[in-house]
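Fold and contact review
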Amino acid sequence: MTTQTMTEPVQKTSRFSVRSVLQNAGIGLALLALILFFSVFTEHFLTPNNITNILTQITINLVLAVGMTFVILIGGIDLSVGSVMAFAAVVAGKAITLPGFGPAEAIALAIVAATLTGVACGMFNGVVSAYWSLPSFIITLGMLNIARGAALHVSDAQTIYSFPYAFEEFGSAMVYGIPVVFLVALFLVFVAWFVLNFTVFGRLLYGIGNNEEAVRLAGHSVFWYKVAAFTICGLTAGIAAIVYMARLNISSPIAGIGFELNAIAAVIIGGTSLAGGRGSVIGTLLGAFIIGVLANGLILIGLSDFMRQMITGIVIIIAVVLDYYRAKYAAK
Amino acid sequence: MKLFKIAAAAATGLAMLAGTAQADDKPVVGLIMKSLANEFFQNMLVGAQAHEEKRGDYELIAVGMQNETDFESQINAVENFITQGVDAIVVAPADSRAMVRPLKKAMEAGIVVVNFDVALDAEAKKQQKIELAFVGPDNRGGAKLAGDALGKKLGEGAKVVIIEGNPGADNANERRLGFEASVAEYKLDLLDSRTAHWETEEANTVFSNMLTAHPDIQGVMAANDSMAIGVVKALESAGRDDIVVVGFDNIPAVGPMIQDGRMHATVDQFGTDMAANSIDLALEVVGGADQLKGWVKTPIKLVTAN
């Protein structure tokens, strides 16, 4: 009996369902429409340089959004990723500027420091919210403040600078006009896609989002799966910190303010349900592209800052309303 | 270490709230700053604490805010200082209108009030019928120094853009107006002006896109150095070394950039000393000197490679 309740929700989101194809196609079409619009109405949109710019500019948000997808799929939310990114960046910034290390050691140390900081914060979010069954909204809101305060404390509110040259090289390196940092993000998308679709772990995350009780009754430890989802989200915040540092060659304790909202927007525009259990990381990739293309194109078109902010908000709302109809249609 | 000092200051404040007022009769100065998450105010706090130790003839209670727009906690701080009966309040208001009424209350309670960093609104002061001097730098004048350096370097008709601070913030407005005055004086061609909310990453993104839209940009005026760093990084990734960048604040991170020419100039308004200087002025008045009048301008300086 327990297995019956278990298999039902998992089948519903099977990996090649009509719904998931429809969803991604819909978002893809929206993205295509945006690209067409900006190509026609601006002179420089479809130039190689601008495409490189867009890829660089969406990288941090994409990395954060990949982790966020895991958390939202289990019906959670992580408001702390922007602050955790800043915290990881200043810890890594302190590590990379420690005296007495060669460039290679310093960079390795910074990467370890950033990922460990991210993982620790994410794991904390997961353990506290899963153990006491508390809403992750409020726990990660707490972490948002903890990590921001910690970032300011560790850095004494100063910008950390002068990193090894090789690190900067990595931040601006290109392969056939594609930024290496974007390829790193793309690789993360691929890994996440594989894990979510082709591993028991990934399918159980969907299961938890659909019906947590059923997964528990089927004999799985919901606690550790939830902790894992938040830890992955923290890890991506750590990776985003490394990208930030490599790209700008500084660590700023005020970095990433509001980034959590952009990451959540990318996930939701990408068709993942805020209620959990439904969505895909490919959608997240497309969602991040929509936000990035919009931000880029609206500046090229010469729209004022305030209009730009309004239009971004309108697009988020349209995406969610469309998603409602998509879900309704696919449920028939 | 700094945090311990802040904590100590906070603890002192709490102790005083509890009614265990100071034993000796040194004058007490309450310092109200804006966000301590801002490098500028953090440095200012350190400067003020060093000053307290050096002078040794007054007691400092410092209060900061959570963020730039949290002016309610500033109003609370003023009210707490009135209850504690401090001798002077030195305040960098987060909102140039909202702070006028509580400060009037403080003045009526016989407390010496010195307004620094951001000037209180003249109209609001008139409405409340108070006279209050302003001690602070000329943000507009400072921005014009940087803008003029850019104008001199590029010459008439050069194509420039401005990267603004937070829309609505007083110093952001003043700096933008200063840049615009330089644009007018040197007959520069202002192609675009956008906010990057004082932040490096956003400035990097926003400026990259401006550069795509206007590849013929010759100069950039950034309202603070954090944003100037983002602009410099964008220029490096675009492979452009022909564009002149000026900033504001002279934070340590731009030192190397000014030296090797990636940045042309920045402006130092000696933030570290600003609170300390204001405290000196307040203590003079407490000690019986005349009330301050008008605008006591603090030094600003253009910083270039030479």
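Residues numbered from 1 in each chain as written. Chains lettered and ligands numbered in written order. Predicted model: local features only at pLDDT ≥ 70, side-chain atom pairs only at ≥ 80, totals over all residues. Heavy atoms only, no water.

Let's shift gears to the packing of helix α4 (residues 81-96) of chain A against helix α5 (residues 103-131) of chain A. All names here are of chain A. Two numbers describe how α4 lies on α5: the axes approach to 8 Å, and their chain directions differ by 150 degrees. Between α4 and α5, the angle is such that the two are roughly antiparallel. For α4 against α5, the interelement crossing comes out right-handed. Of the residues in α5, those in contact with Val84, Phe87, Ala88, Val91, Ala92, Ala95 and Ile96 of α4 are Ala106, Ile107, Leu109, Ala110, Ala113, Ala114, Thr117, Gly118 and Cys121. (Axes fitted to C-alpha atoms, helices over the stretch in contact; angles between N-to-C directions. Helix = DSSP H or I, 4+ residues; strand = E, 2+ residues; numbered from the N terminus. Parallel < 35°, antiparallel > 145°, perpendicular 65-115°, else oblique. Left-handed = near helix turned anticlockwise from the far one by under 90°. Contact = heavy atoms within 4.5 Å.)

Here the focus is the pairing of strand β7 (residues 189-195) of chain B. Residues and elements named next belong to chain B. Pairing of strand β6 (residues 159-164) with β7, which is carried by six bridges, proceeds in the parallel orientation. In the sheet register, Val161 faces β7, and the bridge partner there is Asp192. Viewed along the sheet, the connection from β6 through helix α7 (residues 170-185) into β7 turns out right-handed. (Pairing = 2+ DSSP bridges. Right-handed = clockwise from strand over helix to strand, strands pointing away.)

What follows deals with the pattern of salt bridges. This model, assessed by the stated rule, comprises 25 salt bridges over all chains. For Glu213 of chain A, the salt bridge identified is with Arg216 of chain A, shortest N-O distance 2.6 Å. Remark: Arg216 of chain A and Glu213 of chain A occur in helix α9 (residues 200-217); sequence separation between them is three residues, near one turn of the helix. Looking at Glu213 of chain A, the relative accessible area reads 40%, which means it is partly exposed. For Arg194 of chain B, the salt bridge goes to Asp305 of chain A, with nearest N and O atoms at 3.1 Å. With one member in each of two chains, Arg194 of chain B in strand β7 and Asp305 of chain A in helix α13 (residues 305-331) form a pair that bridges those chains. On the accessibility criterion, Arg194 of chain B (2% relative accessible area) is buried. What makes Asp305 of chain A buried here is its relative accessible area of 13%. One salt-bridge network, in which partners are shared between bridges, spans Glu168 of chain A together with Lys233, Glu236, Asp260 and Arg262 of chain B. (Salt bridge = Lys/Arg side-chain N within 4 Å of Asp/Glu carboxyl O. Buried < 20%, exposed > 50% of the residue type's maximum accessible area, 1.4 Å probe, protein only.)

Residues of helix α7 (residues 165-172) of chain A that are buried: Phe167, Glu168 and Gly171 of chain A. Buried positions in α7 of chain A, seen along its axis, are confined to an arc of 100 degrees and lie on one side of it. Contact partners of the buried residues in α7 of chain A: α4, α5, α8 (180-198) and α10 (222-248) of chain A together with α9 (225-238) of chain B. (Arc of directions from axis to C-beta.)

Right, let's talk about the domain arrangement of chain B for a bit. Under the domain assignment, chain B is made up of domain 1 (2-135 + 271-296) and domain 2 (139-268). Centre-to-centre separation of domain 1 of chain B and domain 2 of chain B, based on C-alpha positions: 32 Å. (Domains from an automatic or database assignment.)

For Asp156 of chain A, which is not glycine, the phi torsion reads 55 degrees and is therefore positive. Examined against the element boundaries, Asp156 of chain A turns out to sit in the loop between α6 (136-155) and β1 (160-161). You will see that Lys129 of chain B, though not glycine, has its phi angle at about 55 degrees, which is positive. Secondary-structure assignment places Lys129 of chain B in the loop between α5 (122-127) and β5 (134-136).

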